[in-house]
Amino acid sequence: MNAFAGKTFVLRVDEGAVQSDQSTLTSDLAFLSRYNVRPIVVAPSPPAARALVRAINRFGNSAVGLDGADAAMLPQRGPGLGTIQPGILETLIVNGYIPVIQPTSFAPFGEDRELHADEVAQAIAAATDAIRAIFFHVLGGVRHPKTAALIDELTPAEALELADDPRVPEDLRTAIRSAALGVRAGVGAAQIVDGRVAHVSIVELLTQRHLGTQVTGAILPCKNGG
């Protein structure tokens, strides 16, 4: 636990983890916060963000809901996302709060837009020097397109190659690409896991086990059918 004390990690949750009765997400976040591990949560949608803020606050009054317009955190650039303004996030996490972010941009002129939560999580992880980025996905990780075996670890280059493979489900490809680009931007490591598994965030952060697929900057062989 000491290795992560005072460190930031970004958690992109999905609808499955928010809605599952078996998910330990809220209690896990409360546990990590008590030990000075600093989570930033990116929700899949505005309704999911609001539901998650209420759920977390039942455990300790620590969640704060944000959208892209708050402190101009997620400025819109063209159809996508501009340069992250992380000041409000740093203020909250240093004081023990858990930001829960709606994936919407801030447009100074015109209408705000909903963004892809994976891309928001990647950008925030890079902007806050996160030690980890964890992406929840119902498939629980990346499987090799030929063998269907779960891949334990990937380099960013290997992950980006899989993100362009049409045999991989489209929504998983977005998570894979965001994980790889986050690591390339300086995030310590990124994991793709099933958020409905009990205590999955704690296991991924604090143990050597991988319950899904990890993307790291190390040069590793592509396992399980590489």
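Relevant structure appears above.
A short tour of the structure in this document, coming up. (Residues numbered from 1 in each chain as written. Predicted model: local features only at pLDDT ≥ 70, side-chain atom pairs only at ≥ 80, totals over all residues. Heavy atoms only, no water.)

Structural notes on the packing of aromatic side chains
Working step 1: Counted by the stated rule, this structure contains 1 aromatic pair.
Working step 2: When the centroid spacing of 5.0 Å and the interplanar angle of 50° are considered together, the rings of Phe-31 and Tyr-35 count as tilted. (Phe/Tyr/Trp six-rings, centres within 6.5 Å; stacked < 30°, edge-to-face > 60°.)

Some details on the sheet that holds strand β3 (residues 63-66)
Sheet strands pair by backbone hydrogen bonding; their relative direction is either parallel or antiparallel.
Working step 1: The strand order across the open sheet built from 8 strands is β3-β6-β2-β1-β7-β9-β10-β8, with neighbouring strands paired in mixed fashion. Two strands in the sheet have a free side with no partner beyond their single neighbour: β3 and β8 (153-154).
Working step 2: Strand direction decides the pairing type here: strand β1 (residues 8-12) and strand β7 (residues 132-136), joined by 4 bridges, are parallel. Bridge pairing links Leu-11 to Ile-134 in β7.
Working step 3: Contacting β1, β2 (38-42), β6 (98-101) and β7, helix α5 (residues 117-127) runs over the sheet at an angle of about 175° to β1. (Pairing = 2+ DSSP bridges. Helix = DSSP H or I, 4+ residues; strand = E, 2+ residues; numbered from the N terminus. Contact = heavy atoms within 4.5 Å. Axes fitted to C-alpha atoms, helices over the stretch in contact; angles between N-to-C directions.)

A short note on the packing of α5 against helix α7 (residues 170-184)
Working step 1: Where α5 meets α7, the closest approach of the two axes is 9 Å, and the angle between their N-to-C directions is 10°. Judged by the angle between their axes, α5 and α7 are roughly parallel. Across the interface between the two elements, Asp-118, Glu-119 and Gln-122 of α5 pack against Asp-171, Thr-174, Ala-175, Ser-178, Leu-181 and Gly-182 of α7.
Working step 2: Partitioning the contact of α5 with α7 into residue classes produces 2 nonpolar, 4 polar and 3 charged. (Parallel < 35°, antiparallel > 145°, perpendicular 65-115°, else oblique. Nonpolar A, V, L, I, M, F, W, Y, C, P; charged D, E, K, R; others polar.)

A few points about empty space enclosed by the protein
Working step 1: Under the counting rule described, the total for this entry stands at 1 cavity of 30 Å³ or more.
Working step 2: The volume enclosed by the largest cavity comes to roughly 40 Å³.
Working step 3: Contributing to the lining of the largest cavity are Ser-23, Thr-24, Leu-25, Asp-28, Phe-136, Gly-195, Val-197, His-199, Val-200 and Ser-201.
Working step 4: At the level of secondary structure, the elements contributing two or more residues to the lining of the largest cavity comprise α2 (25-34) and α8 (200-206).
Working step 5: When the residues that make up the lining of the largest cavity are grouped by side-chain class, the tally is 4 nonpolar, 5 polar and 1 charged. (1 Å grid on protein atoms, 1.4 Å probe; cavity = no way out; pocket = protein on both sides within 12 Å on 5 of 7 lines; lining within 4 Å. Points joined across faces, edges and corners; volume = space filled by probe spheres on them.)

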